[in-house]
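These are the residues of each chain, in order.
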Amino acid sequence: EITMVGKVDGASIAGKARFGDFGDGDWTAQRSDGTVSTTTTSTTTTSTTTTTTTTSATGMGASGKWDVLLKTPGGDLPATATLNDASGKVTGTFGSQIGQMPVTG
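Residues numbered from 1 in each chain as written. Predicted model: local features only at pLDDT ≥ 70, side-chain atom pairs only at ≥ 80, totals over all residues. Heavy atoms only, no water.

### Side note on the nonpolar core
For step 1, the next point in the chain: Formed by 15 residues in total, the largest nonpolar core has its most connected members in Trp27, Trp66, Val68 and Leu70.
For step 2, the next point in the chain: Put simply, the parts of the chain that give this core at least two residues each are strand E2 (12-19), strand E3 (24-31), strand E6 (64-72), strand E7 (75-86) and strand E8 (89-96).
For step 3, the next point in the chain: The dominant element in this core, judged by the number of residues it contributes, is E7, at 4 residues. (Core = buried A, V, L, I, M, F, W, Y, C linked by side-chain atoms within 4.5 Å. Buried < 20%, exposed > 50% of the residue type's maximum accessible area, 1.4 Å probe, protein only. Helix = DSSP H or I, 4+ residues; strand = E, 2+ residues; numbered from the N terminus.)

What follows is the structure in structure tokens.
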């Protein structure tokens with residue numbers, strides 16, 4: 001069992017991982033799906049309509065696709081995660097060269 005604790009900071013996550021009885025390590029992740037939010041504001045006057053669209057990175061918590069790097073006692077392990085963050089509960093999948101597994105927490 002791998003237990004990971006981390007903090008989301010915009011498009012990145014950093015934290016600590018516990019690899020069962022094998023030891024501890026650090027981990028990082030970068031959002032890989034380019035998740036952005038788009039806001040459209042329309043203003044109507046008597047003869048003119050102006051539409052402004054703003055695109056910016058969104059702070060969606062842990063939701064999204066992530067490129068993960070685990071720093072294990074045996075070396076670095078690249079992985080991916082697809083996460084859903086709903087009401088403070090994270091679910092999804094975590095995949096690496098050793099297979100894919102569900103995420104809960």
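### Some remarks on the sheet that holds E6
For step 1, the next point in the chain: A sheet is described by the order of its strands in space; here 7 strands give the open sequence E1-E2-E3-E6-E7-E8-E9, paired in antiparallel fashion. At either margin of the open sheet sits one strand with a lone partner, and together these are strand E1 (2-9) and strand E9 (99-104). For this sheet, the mean inter-axis angle between neighbouring strands, taken without regard to orientation, is 25 degrees.
For step 2, the next point in the chain: When E7 meets E8, the two strands line up antiparallel, connected through 8 bridges. By the bridge assignment for E8, Asn84 is matched with Thr91. (Pairing = 2+ DSSP bridges. Axes fitted to C-alpha atoms, helices over the stretch in contact; angles between N-to-C directions.)

### Observations concerning the pattern of salt bridges
If charged atoms from side chains of opposite charge come close, those side chains can pair.
For step 1, the next point in the chain: Summed over all chains, the structure comprises 3 salt bridges.
For step 2, the next point in the chain: With its nearest N and O atoms 2.5 Å apart, the salt bridge here joins Arg18 to Asp24.
For step 3, the next point in the chain: Classification of Arg18 by relative accessible area gives partly exposed; the value is 42%.
For step 4, the next point in the chain: One salt bridge in this structure joins Lys71 and Asp76, with 3.3 Å as the shortest N-O distance. (Salt bridge = Lys/Arg side-chain N within 4 Å of Asp/Glu carboxyl O.)

### Some words on the environment of Ile98
For step 1, the next point in the chain: Structurally, Ile98 can be placed in the loop between E8 and E9.
For step 2, the next point in the chain: The spatial distance from the C-alpha of Ile98 to the C-alpha of Leu77 is 9.6 Å, given a sequence separation of 21 residues.

### Some words on the confidence of the model for the protein chain
For step 1, the next point in the chain: Across the protein chain, pLDDT averages 79, with 73% of residues at or above 70.
For step 2, the next point in the chain: The weakest mean pLDDT in the protein chain belongs to strand E5 (residues 49-57) at 40; the strongest belongs to E3 at 94.
For step 3, the next point in the chain: Low pLDDT, under 50, characterises residues 36-59; the predicted model gives this stretch 28 contacts beyond four residues in sequence or across chains. (pLDDT = per-residue confidence, 0-100. Contact = heavy atoms within 4.5 Å.)

### Notes on the layout of surface pockets
For step 1, the next point in the chain: By volume, the largest pocket amounts to about 600 Å³.
For step 2, the next point in the chain: Every residue lining the largest pocket is counted, 23 residues in all, and those nearest its centre are Met4, Leu83, Val90, Val103 and Thr104.
For step 3, the next point in the chain: Looking at the lining of the largest pocket, the elements with two or more residues in it are E1, E3, E6, E7, E8 and E9.
For step 4, the next point in the chain: Ranked by residues supplied to the lining of the largest pocket, first place goes to E1 with 7 residues.
For step 5, the next point in the chain: Partitioned by chemical class, the residues of the lining of the largest pocket number 17 nonpolar, 4 polar and 2 charged. (1 Å grid on protein atoms, 1.4 Å probe; cavity = no way out; pocket = protein on both sides within 12 Å on 5 of 7 lines; lining within 4 Å. Points joined across faces, edges and corners; volume = space filled by probe spheres on them. Nonpolar A, V, L, I, M, F, W, Y, C, P; charged D, E, K, R; others polar.)

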